[in-house]
Amino acid sequence: MPADYNGTWDMVSSDNIDGYMVALDVNFAMRKIASMLKPQKVIKQDGDSFTFQTICSVLKYECSFKIGEEFEEVTKGMDNRKCQSVVNWDNDKLVCVQKGEKKNRGWTHWIEGDDLHLELTCESQVCKQVFKRT
């Protein structure tokens, strides 16, 4: 049985968000603003169907998907690019591959205890974030 991702999660740490955003060609001012934000994630899971909301003071981003089904994603609030994304299970991890202008782009979520881990990748950059279940 896959992990239960349902819940509200508050960010507690973020490592290398600036390097990740440089790889996405995000401008300096936006990188500085983003580095100060502590977003909250709200995840709704119904079997293999998911809705992820990322909420902070200046942005609300929502993404809905079903495991194994490719979908068009616009990365609003980050670099605003369109990409073709697909999310699959890797044991209890959710692994997303995003195909578009940038190479080696995607993310991985997994749960350890009450912590939700997120690794964001783009080209050679990896941003690691940890969220705590509220």
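Keep in mind that this is a model prediction, so the values were computed, not measured. (Residues numbered from 1 in each chain as written. Predicted model: local features only at pLDDT ≥ 70, side-chain atom pairs only at ≥ 80, totals over all residues. Heavy atoms only, no water.)

Trainee: Looking at this model, I keep getting lost on the overall build of the protein. Mind explaining?
Mentor: Assigned secondary structure in the protein consists of 2 helices and 10 strands. Taken from the N to the C terminus, the helices and strands of the protein come in the order β-α-α-β-β-β-β-β-β-β-β-β. At 14 Å, the protein has a C-alpha radius of gyration in line with the 14 Å of a compact globule built from 134 residues. Judged by the C-alpha coordinates and their principal axes, the protein covers about 40 × 30 × 25 Å. With 134 residues in all, the protein has 42% of them scored as buried. Partitioning the contacts of the protein with sequence separation of at least 6, the portion at a separation of at least 24 is 41%. Per element, the accessible surface of the protein, about 7,400 Å² overall, is 49% carbon and sulfur. (Helix = DSSP H or I, 4+ residues; strand = E, 2+ residues; numbered from the N terminus. Rg over C-alpha atoms; globule rule 2.2 N^0.38 Å. Buried < 20%, exposed > 50% of the residue type's maximum accessible area, 1.4 Å probe, protein only. Contact = heavy atoms within 4.5 Å. Areas by Shrake-Rupley, 256 points an atom, 1.4 Å probe, with all protein chains shown as cover.)

Trainee: What's the story with unusual backbone geometry in this structure? I'm lost.
Mentor: It is generally the case that most residues other than glycine have a negative phi and that most peptide bonds are trans. Within the chain, Asn-80 stands out as a residue other than glycine whose phi angle is a positive 55°. With respect to the helices and strands, Asn-80 occurs in the loop between β5 (71-74) and β6 (82-90). We note that Glu-123 has phi near 50°; this positive angle belongs to a residue other than glycine. Take Glu-123: it is sitting in the loop between β9 (115-122) and β10 (125-133).

Trainee: Looking at this model, I keep getting lost on the packing of aromatic side chains. Mind explaining?
Mentor: What describes a pair of aromatic rings is the distance from one ring centre to the other and the angle between the planes of the rings. Enumeration over the complete set of coordinates arrives at 9 aromatic pairs. Summarising the aromatic geometry, the rings of Phe-50 and Phe-65 are spaced 5.3 Å apart at their centres and angled 15° between planes, so their arrangement reads as stacked. Here Phe-50, found in strand β3 (residues 49-56), pairs with Phe-65, found in strand β4 (residues 59-66); they are 15 residues apart in sequence, far enough to count as distant. Look at Phe-50 and you get buried, because its relative accessible area is 3%. The interplanar angle of 65° and the centroid separation of 5.9 Å between the aromatic rings of Phe-50 and Trp-89 together place this pair among those described as edge-to-face. On the criterion of sequence distance, the pair formed by Phe-50 in strand β3 and Trp-89 in strand β6 is long-range, its members being 39 residues apart. Among the aromatic residues, those joined into a ring-pair cluster are Tyr-5, Phe-50, Phe-52, Phe-65, Phe-71, Trp-89 and Trp-107. The ring centre of Trp-110 lies 4.7 Å from the NZ or CZ of Lys-93, which sits over that ring. (Phe/Tyr/Trp six-rings, centres within 6.5 Å; stacked < 30°, edge-to-face > 60°. Lys NZ or Arg CZ within 6 Å of the ring centre and 35° of its normal.)

Trainee: Would you explain the pairing of strand β2 (residues 40-46) in this entry?
Mentor: Each regular strand shows side chains that alternate between the opposite faces of the sheet. Pairing between strand β1 (residues 7-15) and β2: 4 bridges, direction antiparallel. Residue pairing across strands places Asp-10 opposite Gln-40, the latter belonging to β2. With 7 bridges connecting them, β2 and β3 associate as antiparallel partners. Bridging across to β3, Ile-43 finds its partner in Phe-52. (Pairing = 2+ DSSP bridges.)

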